[in-house]
Amino acid sequence: MKDALNWLERLGRKAAAGVAEFGFAATLFGQAVYWLVLGRWRRQPVRMPSVAAQAMDIGIAALPIITVLSTTIGLMLAIQGIYTLKTFGAESRVTLGVALSIVREFSPLITGILVAGRSGSALAARLGTMRINQEIDALSVMGINPVRFLVAPPLMAMMILMPLLTLWADLVGLFAAGLYIAIELQGSLAAYADEVVSILKLNDLLHGLAKAAIFGVLVTIVGVVNGASVSGGAEGVGRMTTRSVVHAISAIVITDMIFVFLVTR
Amino acid sequence: MSNAPPSIEVINLDTHYGDRQVLKNVSLSVNPGEIFVIMGGSGSGKTTLLNHLLGLLRPTSGTIRILGKDINTLSSLEMQDLRTRMGVAFQSGALFSSMSVGDNIALPLREHTDLDEMTIGIVTRLKLEVVSLAGFEHLMPAELSGGMIKRAAFARAIVMDPKLLFCDEPSAGLDPVVASSIDDLILRLRDAMGMSIVVVTHDLDSTFKIADRICVLDKGEVLALDTVDAIRNSPNERIQNLLNRRTEEAEVDPDAYLRRLLGEKEKHANQPTQGRTGL
């Protein structure tokens, strides 16, 4: 009986902590947007150079690995698609599946997961280290709002860069898939391109890009929340960094499902 | 000097962490141009008091006036203005590790003023001269020694020419010679710029060297608040213990002792300490 009560108490505490963390995340997002929009009138504008620096870090530095992975995904989808459709003798319809799944699903997902691993974790580690070194207190007592200075720039960079990276991943993935399909089905790349253009609607493209922007927000906020909750020195920073990657990827996958459910019905 | 309003006025400050009361009815005032030392052992509440003076924590009750303004009733914009008129040198320095020393010191100027880069560079180097760190502006904080980090932190704290300077444990972790040079720096800053300086420390030598007045905190209460000589000659046993580095016999509570040995949890052990939340 006592054990069961203890278990219930722990469950209750965990649930309350989870809700509190969710609230903290929402507050942070609200504050970051507030500073992005109204910072200028509060005499604390979000500086464009620091947004640009973050954008370079999140975007340009991630281009090579995103190129490699979206090439691989494109090839993989083409191979699997032809293999599956062969059962019905419908290999020629492979482009439909490949084009839609790359643009609507795989590009945003793979970009989101990569950026979560590269930039979300870096953000968590940076904020965590700043917290234990009193650097965040130092910002506050200087009259510099930490959310405006540390959260708003990566948030803005992420919201701009994620759709751009996803667009790039779309192009690379479609091109790689096209190469394989053209060779395997003895067609031409031009015919493949024509088919892709006729299949894809603007709506499909926007579906993927909108998701990418949402993933960008998720990665930033999850990274910042975990970084800001660091306690317990260097070990704590490591623990929260790992946690931020796991949480960000989970958030991305779950949000993806919810988004698709809401939009396609 | 005595006619001017006090730089800091604390009236009946009470604060809690969760259920535990940390500061009990603390009242003090700091005069303009004065070096005011807050002294006390570990756990006496001096860091908590500093965090309240900096506006990083909210008190349970009581009033804190900084430069004549009640910091708990100020709007965030007024608070921002107030903060540009005070500087803080943290114990660890708290320099931003991703920026060079020069960028660290220039940051408040870049954020709060419209000065051009040329002027900002000149002011930055001027402050580095004041703390004897000239020529080090291109180094990263990780490349500095402990004493140099403290000096750089002082330079950043005074870059806006504040009326009020807070120093948290300026001599902690430094060898006696370097610690003494930091004391000299504090005295020089006061004499040259006429600012009020609040120093939080447990270092007795440095306290007697720099202080105009001393506030001795013990278990969250103000044990004494007086001039250096008065504190030195105080008849109070606890103050004398502190000054002569005598350890105090803790009162033994047999029941509590037994409970601790048996590993039973204290009454509030399960409740998380209520620290600062948010960024």
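Below, the structure is looked at part by part. All values reported here derive from a predicted model rather than from experimental measurement.

1. Remarks on the sheet that holds strand β2 (residues 20–30) of chain B
All names here are of chain B.
And step 1. With respect to topology, 4 strands assemble into an open sheet ordered β2-β1-β4-β5, the strand pairing being antiparallel. For this open sheet the edge positions go to β2 and β5 (69–70), each flanked by a neighbour on one side alone.
And step 2. Taken together, the 5 bridges between strand β1 (residues 8–17) and strand β4 (residues 61–66) define a ladder with antiparallel strand orientation. The partner of Glu9 across the bridge, within β4, is Arg65.
And step 3. Set on the sheet, helix α1 (residues 46–53) makes contact with β1, β2 and β4; between it and β1 the angle comes to about 120°.

2. Side note on helix α4 (residues 94–132) of chain A
Residues and elements named next belong to chain A.
And step 1. The terminal C-alpha atoms of α4 lie 53 Å apart, and with 39 residues this matches the ideal 57 Å at 1.5 Å per residue to within 8%.
And step 2. Along its length, α4 shows its largest kink, about 50°, at Ile102.
And step 3. One or two positions beyond α4, positive phi appears at Gln134, with a value near 65°.

3. Here we look at the pairing of strand β3 (residues 35–39) of chain B
All names here are of chain B.
And step 1. Extensive coverage of β3 is indicated by the burial of 5 of its 5 residues.
And step 2. Every second residue of β3 is oriented toward a common face, with Ile35, Val37 and Met39 on one face and Phe36 and Ile38 on the other, all of them buried.
And step 3. Inspection of the sheet shows β3 paired to strand β8 (residues 196–201) by 5 bridges, in the parallel sense. Note on β8: the bridge partner recorded for Ile35 is Ile197.
And step 4. Summarising the sheet, β3 and strand β9 (residues 213–218) pair through 4 bridges and their orientation is parallel. Bridging from a neighbouring strand, Val37 pairs with Ile214 of β9.

Analysis parameters
Residues numbered from 1 in each chain as written. Chains lettered and ligands numbered in written order. Predicted model: local features only at pLDDT ≥ 70, side-chain atom pairs only at ≥ 80, totals over all residues. Heavy atoms only, no water. Pairing = 2+ DSSP bridges. Helix = DSSP H or I, 4+ residues; strand = E, 2+ residues; numbered from the N terminus. Contact = heavy atoms within 4.5 Å. Axes fitted to C-alpha atoms, helices over the stretch in contact; angles between N-to-C directions. Expected span 1.5 Å × (residues − 1). Bend = angle between axes of the 7 residues up to and from the residue. Buried < 20%, exposed > 50% of the residue type's maximum accessible area, 1.4 Å probe, protein only.

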